[in-house]
Amino acid sequence: MEEDDHLSNPTSTADSSDSALQRKHAAMIERLSNLHQSRSTRKPESDSNSTSSFLSRFSESKNSIESTLSRIRQTPDPHSNPTLKPELDNISLSISNLEKLVAENSFSLPPYEVRTCLKTVADLKQIVEQVTCDVIPKKKFSFKNKSTKKTTTQSDDLGPRVLDNNSQNVESRDLGFKVLDSPGFRGNENEVLVKEFNNRGSDEEIREFVLSDLRGCEVRLMGNIRALFVNKLIDCKVYVGPVFGSVLIEEAKDCVFMMASHQIRIHQAKRCDFYLRVRSRPIVEDSNGVRFAPYCLKYDGIEKNLEEANLGEETGNWSNVDDFKWLRAVQSPNWSILPENERLGVVDISTRDAKISC
C-alpha cells in the first residue's frame, strides 16, 4: 500500500523530472563552456601564427635590403659604376613596399611590433640616404639657369601667381626625412596652393611631396602620390587625394586635414581635425585636442584615383586611433571622434572656390 502511495505521489514524480532537467541543463552549460574555451584558445593561436608569418616576411625583406646595401658599399670605384643608381632606386622602392606591408598588417599586429617595424623602416631610409651620398657623385655647383616646372597657386589677396615647386625655403634638417630633392609648398602664408599630380607610372610621376612652414593656407592636392610629408603648419586647410604609401605629419596647430592613405602618422598636433580614409590604424604621438571623422573629399576623377591606390572602400579605421604615448586600457584623452553636428560636408575642390555641401 505504501508502495502504491509512493508511485502515485505527484510531488515525487515532479522532483524526479526537475532533477533530470537540471542534469540536462548542466550538461548543456558544460558543452557551451567547453566550446567557448576551445574557440578562445584557438584565436590567440591564429593571431600568433599571423604575427609570426608577418614578422618572417618582414625580416626576409629587411635582410635582403641590408645585404644589397652592404654589397653596394663594397663596390670598388662606385662613382664610375652606372648601375648603382638604379639599384638604389629599387632599394628605395623595396623600402616603400616594406612600409606598405607594415601599414596593411598594423591592424592585427601588437602595438610594440608596429613601433619596432616602423623604426626599422626609418633606419633603412637613413642608411639608403647615407649610401647614396657615399657612392653617387655630387653634381658640380653652377650658376647656369635651369628651367623648372612651375605650379600655379591662387591667393585671395594677391591673385594667381607661380610658385617654384623646388624652392628651398626650409632646410631639410628641420624634418625627420629626406626632403631636399622633393617638390612641395614651403614657406607660404595666406594662399590657396593647388597641385594636380600625373597618373601613376607616368614619366613625371611625383613620388614624394612636402608641405612645410605654411600659415593660413588652403592646400589642394589632386591625383595620386607615393608619400606626403607635412611639417610646421598653422591654421591651414589641407585637402589631399589618395596616397599610395604613408603620410607623416609633424607639428600642426589649428588645422583641418582631409586625406586618404595606407598609413597616417601624426606627431605633435594640437587642436586639429582629421577626415581620414586609411588602411591601417592612424597613429598619434605627443598630440592633444585632435579629432577624427571619415573622409569626404571630392574632385573630378577621385573615385578612379582611390581605386588605383587600393583605397576604394571605407575601412572604418579613421576611428581606430592608436595613441603611442597612452598605454592605459582606458580611452586616451588626447583624441576624440568629431561630433557629427560639427563635421564638414562633402568638400569639392574641383573648382577654384572649394564648395562644401551639407
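Note that the structure is predicted; figures quoted are calculated from it, not measured.

Parameters at a glance
Residues numbered from 1 in each chain as written. Predicted model: local features only at pLDDT ≥ 70, side-chain atom pairs only at ≥ 80, totals over all residues. Heavy atoms only, no water. Helix = DSSP H or I, 4+ residues; strand = E, 2+ residues; numbered from the N terminus. Buried < 20%, exposed > 50% of the residue type's maximum accessible area, 1.4 Å probe, protein only. Contact = heavy atoms within 4.5 Å. Areas by Shrake-Rupley, 256 points an atom, 1.4 Å probe, with all protein chains shown as cover. Expected span 1.5 Å × (residues − 1). Axes fitted to C-alpha atoms, helices over the stretch in contact; angles between N-to-C directions. Parallel < 35°, antiparallel > 145°, perpendicular 65-115°, else oblique. Nonpolar A, V, L, I, M, F, W, Y, C, P; charged D, E, K, R; others polar. Core = buried A, V, L, I, M, F, W, Y, C linked by side-chain atoms within 4.5 Å. Pairing = 2+ DSSP bridges. Salt bridge = Lys/Arg side-chain N within 4 Å of Asp/Glu carboxyl O. Phe/Tyr/Trp six-rings, centres within 6.5 Å; stacked < 30°, edge-to-face > 60°. pLDDT = per-residue confidence, 0-100. Polar contact = N/O pair within 3.5 Å; in protein donor to acceptor, adjacent residues only side chain to side chain.

Draft legend 1. Geometry of the overall build of the protein. Across its full length, the protein holds five helices and 17 strands. Looking at the protein as a whole, 40% of its 358 residues qualify as buried. Relative to all contacts within the protein whose residues are 6 or more apart in sequence, the contacts with residues 24 or more apart total 51%. Working note: accessible area of the protein is about 20,600 Å², and carbon and sulfur atoms make up 48% of it.

Draft legend 2. Up close: helix α4 (residues 111–135). In this model α4 runs 36 Å from its N-terminal to its C-terminal C-alpha over 25 residues, within 8% of the 36 Å that 1.5 Å per residue would give. Within α4, burial applies to E113, V114, C117, L118, T120, V121, L124, V128, V131 and V135.

Draft legend 3. Geometry of unusual backbone geometry. For N190, which is not a glycine, the phi torsion comes out positive at approximately 55°. Within the secondary structure, N190 is located in the loop between β3 (184–186) and β4 (192–196). Of note, N310 is a non-glycine position whose phi angle comes to about 60°, a positive value. Position of N310 among the secondary structure elements: in the loop between α5 (302–308) and β14 (322–323). Relative accessible area serves as the criterion here: at 43%, N310 is assigned to the partly exposed category.

Draft legend 4. Fine view of the packing of helix α3 (residues 84–105) against α4. Between α3 and α4, the least distance of the axes is 10 Å, while the angle of their chain directions is 170°. The orientation of α3 with respect to α4, classified from their angle, is roughly antiparallel. Listed contacts from α4 to L84, L88, I91, S92, I95, L98, E99 and V102 of α3 are C117, L118, V121, L124, K125, V128, V131, T132 and V135. Split by residue class, the contact of α3 with α4 holds 13 nonpolar, two polar and two charged.

Draft legend 5. A look at the nonpolar core. Among the nonpolar cores identified, the biggest contains 36 residues, and L211, L228, F257, M259, F274 and F292 are the most heavily contacted of them. Those elements that place two or more of their residues in this core are β5 (208–215), β6 (218–222), β7 (227–234), β8 (237–253), β9 (256–270), β10 (273–278) and β12 (290–294). In terms of residue count, β8 provides more of this core than any other element does, six residues in total. Counting residues in hydrophobic clusters, the runner-up holds 23 residues, among them F58, L69, V128 and V135.

Draft legend 6. Quick look at the pairing of β6. Across the five residues that make up β6, a large majority, five, are buried. Along β6, one buried face is formed by E218, R220 and M222 and the opposite face, lined by V219 and L221, is buried too. Inspection of the sheet shows β6 paired to β8 by four bridges, in the parallel sense. Bridging across to β8, R220 finds its partner in Y239.

Draft legend 7. Examining the pattern of salt bridges more closely. Under the criterion given, the structure shown has twelve salt bridges. Residues K85 and D89 are paired through a salt bridge, measuring 3.5 Å at the closest nitrogen-oxygen approach. Of this pair, K85 and D89 both sit in helix α3, separated by four residues, roughly a single helical turn. When salt bridges that share partners are traced, they join D273, R291 and E342 into one network.

Draft legend 8. Fine view of the packing of aromatic side chains. Per the stated rule, a full pass over the model turns up six aromatic pairs. With a centroid separation of 5.2 Å and 80° between ring planes, the pair formed by F197 and F209 is classed as edge-to-face. A residue pair is termed long-range when its members are at least 10 positions apart, and F197 in the loop between β4 and β5 and F209 in strand β5 qualify at twelve residues. F209 carries the same exposure label as F197, and that label is buried. Taken together, the aromatic side chains of F257, F274, F292 and W335 make up a single cluster linked through ring pairs.

Draft legend 9. Region of the structure containing the environment of I225. Within the element layout of this structure, I225 appears in the loop between β6 and β7. Spatially, the C-alpha atom of I225 lies 5.5 Å from that of R207, the residues being 18 residues apart in sequence.

Draft legend 10. View of the pairing of β5. Sheet topology note: the β3/β5 ladder contains three bridges and is parallel. Within the sheet, the bridge partner assigned to F185 lies in β5 and is L211.

Draft legend 11. Highlighting the confidence of the model for the protein. Averaged over all residues, the pLDDT of the protein equals 76, while 68% of them reach at least 70. Across residues 140–178, where pLDDT falls below 50, the model places 72 contacts with residues more than four positions away in sequence or in other chains.

Draft legend 12. The side chain of H267, seen in detail. With respect to the helices, strands and loops of the structure, H267 is situated in strand β9. Taking the relative accessible area as the measure of exposure, H267 reaches 17% and is therefore buried. Reaching out from H267, the side chain makes a polar contact with the side chain of E250 at a distance of 2.8 Å. Residues in contact with H267, not counting those within four places in the same chain, are I249, E250, E251, E285, D286 and S287.

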